[in-house]
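Chain and residue survey
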Amino acid sequence: MKDSKVRVRFAPSPTGPLHMGGVRTALYNYLFARQHGGTFILRIEDTDSQRFVPGAEQYINEALAWCGITVDEGVEQGGPHAPYRQSERRDIYLKYALELVESGNAYYAFDTPEALNEVRSQYEADGKVFSYNYAVRNELDTSLRLPKEEVCRRIERGDQWVIRFRMPENEEVQMSDLIRGEVTVNTSTLDDKVLYKSADQLPTYHLANIVDDHLMEISHVIRGEEWLPSLPLHYKLYEAFGWSDSQPQFAHLPLLLKPTGSGKLSKRDGDKFGFPVFPLEWKSPEGDISRGYREDGYFPEAFVNLLALLGWNPGTEQEILSMEELIAQFSLERVSKSGARFDPEKARWFNGQYLKLKSDNELAELYKEELTARNIAVPDEKLVKIVGLIKERATFVADFWSLSSYFFVAPDSYDEKAVKKFWKGENPARVDRLRSVLNGLVDFNKERIEPMVHDWIVTYEYPMGQVMNCLRLALVGSSQGPNLFEICEVIGKEETLRRIDRALKNLPAN
């Protein structure tokens, strides 16, 4: 493979935000290209003018950049096969559509929507299903039935027409898929797809993607399984153009499934179960807002990692893989044929793992934004230490405040269950005595505080857990948190004593 010229493309339509399934398709193409020293192309397929959504193309570019998926050739990057936006290539497609008509592999159809609806209604009345194919094309309003002069006359006077592919009758199409193996389909089960429309002078997906893939020298088409039913037509198009020897290899990826495992993952599922299905937040032209993984606090590395394992596995127990590791280990042979169920809890787990892998300095910089918004200024050294104490219990940077607010602000309330359980009997008096011991310390750091407090409790045979939890309650407001003596060191001696005094004053003994 490394000796061949690998060129792959991701070709989304700018009809809305990029679904995470689309990002996975882009990712698999990117991994395949990088592994084989190939080229990753971003082509915008905007031939569906009626469904075009302003801002969608910019969103696609921004989403790929956030994920670390670098484009080699594309609308923004340029390249030897520019332009990479199909609407700017419209003059190319008519030439190839007419070439198919000339070779007898396609034909003009002048049927109006009203006429086709009437035919469909008649078929339904007879208990039949209408299909525009070999059985009806010679009887309908097409260039296969009309005299050549009439066809020319209609075109010249401006009648609307489409060019349809002339699917052969009763022919076996032998196809090969790198994931699903050999596939055979009989052409009699297929209809004559529209390739080009005079109304908007634009091709349909079927013609445009075949022509562009050929002209851009695409070696592998890696796309979603929803395009698998179109594969026979695409094979026949390559054959009709005489390009079979240079046609790309195909690989159709499995669907991303709902958390329940039944059906394709959709935005509705995200709304229902409370997770995003788009990489970035999307604001529609109508003002509707859809959540994004970036805005929900996910690291791009975590998002990419979880996507990579939805439908592919490295063949080992390893789950945390960097982009470099994914590139080295990815293979289409290990892509599943069946759909991959998305688990939002697993997604959160991935982010937590990547958070723990990040340096305390990097996380401190991210946390600083939250503290600045709260008008809290903290020396960098202190903030780095705090982050190091709490990050093991966090999933997102957004969790940091709830896990560490007591480092910056004294608690103004105390956990009722902890108070009832620990702040009772002799314990408040013991805490008062412990305050005097802490007050006598000159070097107020963990290394001095911890052994001193431990020895003191043992000497007086106090219950260790009771006293320690009472001290934590006074400092933190609950019985949760990192090492108690680390907390003392970080907030300092004066604040430690102040909080003990406050608890002794405000908490009634049980």
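The structure contained in this document is the topic of the report that follows. Source: prediction; values computed, not measured.

Evaluated as defined, the whole model comprises 28 aromatic pairs. Aromatic side chains Tyr108 and Trp161 sit 5.2 Å apart centroid to centroid with 90 degrees between the ring planes, which places their arrangement in the edge-to-face category. Pair noted here: Tyr108 is in strand β3 (residues 106-109) and Trp161 is in the loop between α5 (148-156) and β4 (162-165), with a separation of 53 residues, a long-range link. Trp161 shares its class with Tyr108; the two are buried.

It is worth spelling out α5 at this point. Think of an α-helix as turning once every 3.6 residues; residues three or four places apart then point the same way. Where α5 is concerned, the buried positions are Glu150, Val151 and Arg154. Along the long axis of α5, the arc covered by the buried residues comes to 100 degrees, so they all point the same way. Facing away from the buried side of α5 by more than 90 degrees, the exposed set consists of Lys148, Glu149 and Glu156. For α5, the elements touching its buried residues are β3. Phi turns positive, to about 95 degrees, at Gly158, one or two residues after α5.

As a further point, take the nonpolar core. If you look at the biggest cluster of nonpolar residues, it comprises 114 residues, and the most contacted ones within it are Met20, Phe407 and Leu438. With nine residues, helix α1 (residues 20-35) is the single largest residue contributor to this core. Beyond its immediate chain neighbours, meaning those up to four positions away, Leu438 contacts Phe444, Ile449, Met452, Val453, Lys493, Thr496, Leu497 and Ile500.

For Arg430, the position within the fold is in helix α16 (residues 427-439). Among buried charged residues, Arg430 stands out as having no salt bridge; its nearest opposite-charge side chain is Glu426, 5.5 Å away. Discounting chain neighbours no more than four positions away, the residues touching Arg430 are Trp456, Tyr462, Pro463 and Val467.

Attention now goes to the pairing of strand β1 (residues 7-10). Residue alternation in β1 divides its side chains into two sets, Arg7 and Arg9 and Val8 and Phe10, and both sets are buried. One ladder, built from four bridges, connects β1 with strand β2 (residues 39-42); its direction is parallel. Looking across to β2, one finds that Arg9 is bridged to Ile41. Read as a crossover between parallel neighbours, the route from β1 over α1 to β2 is right-handed.

Another aspect to go through is the pattern of salt bridges. As enumerated under the stated definition, the model contains 40 salt bridges in all. A salt bridge links Arg137 to Asp192; the shortest N-O distance between them is 2.9 Å. Residue Arg137 is found in the loop between α4 (113-125) and α5, and its partner Asp192 is found in the loop between β6 (181-186) and β7 (194-197); the two are separated by 55 residues along the sequence. The exposure classification of Arg137 matches that of Asp192, with both residues buried. Glu450 is the partner of Lys446 in a salt bridge, and the nearest nitrogen-oxygen pair spans 2.9 Å. With Lys446 and Glu450 both in helix α17 (residues 446-459) and four residues apart, this pair spans about one turn of that helix. Residues joined by salt bridges that share partners form a network here, namely Arg9, Arg43, Glu45, Arg89, Asp212 and Asp213.

Contact geometry of α16 with helix α20 (residues 493-506) gives a least axis separation of 10 Å together with a crossing angle of 160 degrees. With respect to α20, the axis of α16 lies roughly antiparallel. Crossing of α16 against α20: the hand is left-handed. For the pair formed by α16 and α20, the contact residues are Pro428, Val431, Asp432, Arg435, Leu438 and Asn439 on the first element and Lys493, Thr496, Leu497, Ile500, Asp501 and Leu504 on the second.

What counts, and at which threshold
Residues numbered from 1 in each chain as written. Predicted model: local features only at pLDDT ≥ 70, side-chain atom pairs only at ≥ 80, totals over all residues. Heavy atoms only, no water. Phe/Tyr/Trp six-rings, centres within 6.5 Å; stacked < 30°, edge-to-face > 60°. Helix = DSSP H or I, 4+ residues; strand = E, 2+ residues; numbered from the N terminus. Buried < 20%, exposed > 50% of the residue type's maximum accessible area, 1.4 Å probe, protein only. Arc of directions from axis to C-beta. Contact = heavy atoms within 4.5 Å. Core = buried A, V, L, I, M, F, W, Y, C linked by side-chain atoms within 4.5 Å. Lys, Arg positive; Asp, Glu negative; His and termini not counted. Salt bridge = Lys/Arg side-chain N within 4 Å of Asp/Glu carboxyl O. Pairing = 2+ DSSP bridges. Right-handed = clockwise from strand over helix to strand, strands pointing away. Axes fitted to C-alpha atoms, helices over the stretch in contact; angles between N-to-C directions. Parallel < 35°, antiparallel > 145°, perpendicular 65-115°, else oblique. Left-handed = near helix turned anticlockwise from the far one by under 90°.

Limitation: the analysis is restricted to geometry and does not speak to function.
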